[in-house]
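Inside the fold
Here is what each chain is made of, one letter per residue.
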Amino acid sequence: NLCDNKEKKILEIERIGNLEKEISLHQFKNNGDQHRSTQTIVELIEEQCAWNPYKRAFVYKGQSISYKILNEKANQSANVLKEKKVQEETVVGIAMEQGFNRIVGILGILIVGGAFLPIAEDYPEARMKFMLGDSDSKLLLPVKQFPLNFSVLDEVIDLTHLSLEQVDKTNL
């Protein structure tokens, strides 16, 4: 209490009581976010899609995409990859420009349990071949028709030009 401590400097006076201090120091830390650390990015997006489907999930160069659309496109991508036998621990090369399609591709890979290998388009051909071969990647998601022919790949899938309207959008 300020009146009881007339001789003390303001800096020396406790401004909050012991109960308030206890709550501030210990209980506010336990605000329920611990469960988030155990969730995957896919689970977090699906959760946001359920709670806030029309809220902006991603903004790039002035354009945005909602959680609903992002989740639907990611699941369509995942279904295409599942048809191509991508499963847990399958490495998929991804050579896409920054933007919505890259995020959709990465999420699609993660949904089916795969791992993505980012490859920059401007890497030398020898480096790309080495990365794809060394990672045992059999599939590549390119930004456009990939100009290089890699014998290490089983298939190159251009998701940007693939018609996904008929592909299932529901969560896998």
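One can find the structure itself at the top, above this paragraph.
Residues numbered from 1 in each chain as written. Predicted model: local features only at pLDDT ≥ 70, side-chain atom pairs only at ≥ 80, totals over all residues. Heavy atoms only, no water.

Some details on the overall build of the protein chain
Where we set the bar: Starting at the N terminus, helices and strands are each numbered in turn, a helix being any DSSP run of H or I of at least four residues and a strand any DSSP run of E of at least two. Exposed residues in this analysis have more than 50% of their type's maximum accessible area, buried residues have under 20%, and partly exposed residues fall in between, with area computed by a 1.4 Å probe over protein chains only. In what follows, a contact means two residues having at least one pair of non-hydrogen atoms within 4.5 Å. For every accessible area listed, the method is Shrake-Rupley and the probe measures 1.4 Å; residues are considered covered only by the protein chains on display.
In terms of regular secondary structure, the protein chain is built from 5 helices and 6 strands. In sequence order, the secondary structure elements of the protein chain are arranged as α-α-β-β-α-β-α-β-α-β-β. Counting the 172 residues in the protein chain, one finds 34% classified as buried. Restricting to contacts in the protein chain with at least 6 residues of sequence separation, those with at least 24 account for 56%. Carbon together with sulfur atoms contributes 51% to the accessible area of the protein chain, which is approximately 11,700 Å² in total.

What to know about the pairing of strand S2 (residues 63-66)
Stated formally: A pair of strands counts as paired when DSSP detects no fewer than two bridges linking them.
The pairing of strand S1 (residues 56-60) with S2 spans 4 bridges and is antiparallel. When the sheet's bridge partners are listed, Tyr60 is paired in S2 with Gln63. Hairpin connection of S1 to S2: 2 residues between the antiparallel strands, including Lys61 at a positive phi of 50 degrees.

Details of unusual backbone geometry
Non-glycine residue Lys61 carries a positive phi angle of around 50 degrees. Mapping Lys61 onto the fold places it in the loop between S1 and S2.

Some remarks on a nonpolar patch on the surface
Stated formally: Residues form patches when they are more than 30% accessible in relative terms and have no salt bridge. Like charges link within 9 Å. Nonpolar side chains (Val, Leu, Ile, Met, Phe, Trp, Tyr) link within 5 Å. Salt bridges are identified by distance alone: a Lys or Arg side-chain nitrogen within 4 Å of an Asp or Glu carboxyl oxygen.
The grouping of Ile41, Leu110 and Phe116 at the surface amounts to a nonpolar patch, some 240 Å² of accessible area in total. Structurally, the position occupied by Phe116 is in strand S4 (residues 115-118).

A few points about the nonpolar core
Using the following cut-off: Each nonpolar core is a collection of buried residues, namely Ala, Val, Leu, Ile, Met, Phe, Trp, Tyr and Cys, held together in the definition by side-chain atoms within 4.5 Å.
Residues Leu81 and Leu141 are the most contacted members of the largest nonpolar core, which totals 22 residues. Where this core is concerned, the elements lending two or more residues are helix H2 (41-51), helix H3 (67-83), strand S3 (91-95), helix H4 (100-111) and strand S5 (139-142). Residue contacts for Leu81: discarding those within four places in its chain leaves Val86, Gly108, Ile109, Val112, Leu139 and Leu141. Grouped together as the second largest cluster of nonpolar side chains are 8 residues, Leu117, Ile119, Met128 and Leu132 included.

Remarks on the packing of aromatic side chains
Short version of the rule: Whether two aromatic rings pair depends on their centres lying within 6.5 Å, for rings of Phe, Tyr and Trp, where Trp uses its six-membered ring; planes under 30 degrees apart make the pair stacked, over 60 edge-to-face, and the rest tilted. Only Lys NZ and Arg CZ are tested; either one counts as a charge over a ring when it is within 6 Å of the ring centre and within 35 degrees of the ring normal.
Tallied over the entire structure, the rule returns 1 aromatic pair. In this structure, Arg127 packs its charged tip against the face of Tyr123, placed 4.8 Å from the ring centre.

Brief notes about the pairing of S3
The condition that has to hold: By convention, orient the strands away from the viewer: a clockwise path from the first strand over the helix to the second makes the crossover right-handed.
Within S3, 5 of the 5 residues are buried, which leaves the element mostly enclosed by the surrounding structure. Burial of the side chains of S3 extends over both faces: Val91, Gly93 and Ala95 are buried on one face and Val92 and Ile94 on the other. Across 4 bridges, the pairing between S3 and S4 is parallel. The residue bridging Val92 from the neighbouring strand is Phe116, located in S4. As a crossover connection, the stretch from S3 through H4 into S4 is right-handed. Summarising the sheet, S3 and S5 pair through 4 bridges and their orientation is parallel. Residue pairing for S5: Ile94 is matched across the bridge by Leu141.

Overview of the packing of H2 against H3
Where we set the bar: Under this scheme, a helix contributes an axis fitted over its contacting stretch, all axes are lines through C-alpha atoms, and angles between N-to-C directions fall in the 0 to 180 degree range. Here roughly perpendicular refers to angles of 65 to 115 degrees, roughly parallel to angles under 35, roughly antiparallel to angles over 145, and oblique to all remaining angles. Less than a right angle of anticlockwise turn of the near helix away from the far helix marks a crossing as left-handed, whereas a clockwise turn marks it as right-handed. Amino acids outside the nonpolar list (Ala, Val, Leu, Ile, Met, Phe, Trp, Tyr, Cys, Pro) and the charged list (Asp, Glu, Lys, Arg) are all regarded as polar, and Gly is one of them.
Running from amino to carboxyl end, H2 crosses H3 at an angle of 135 degrees, the nearest separation of the two axes being 8 Å. With respect to their mutual orientation, H2 and H3 come out oblique. With respect to the hand of their crossing, H2 and H3 are arranged in left-handed fashion. The residues of H3 that touch H2, namely those facing Ile45, Glu46, Gln48 and Cys49, are Tyr67, Lys68, Leu70 and Asn71. Grouping the constituent residues of the contact of H2 with H3 by class yields 4 nonpolar, 2 polar and 2 charged.

By themselves, these observations are geometric and do not establish any function.
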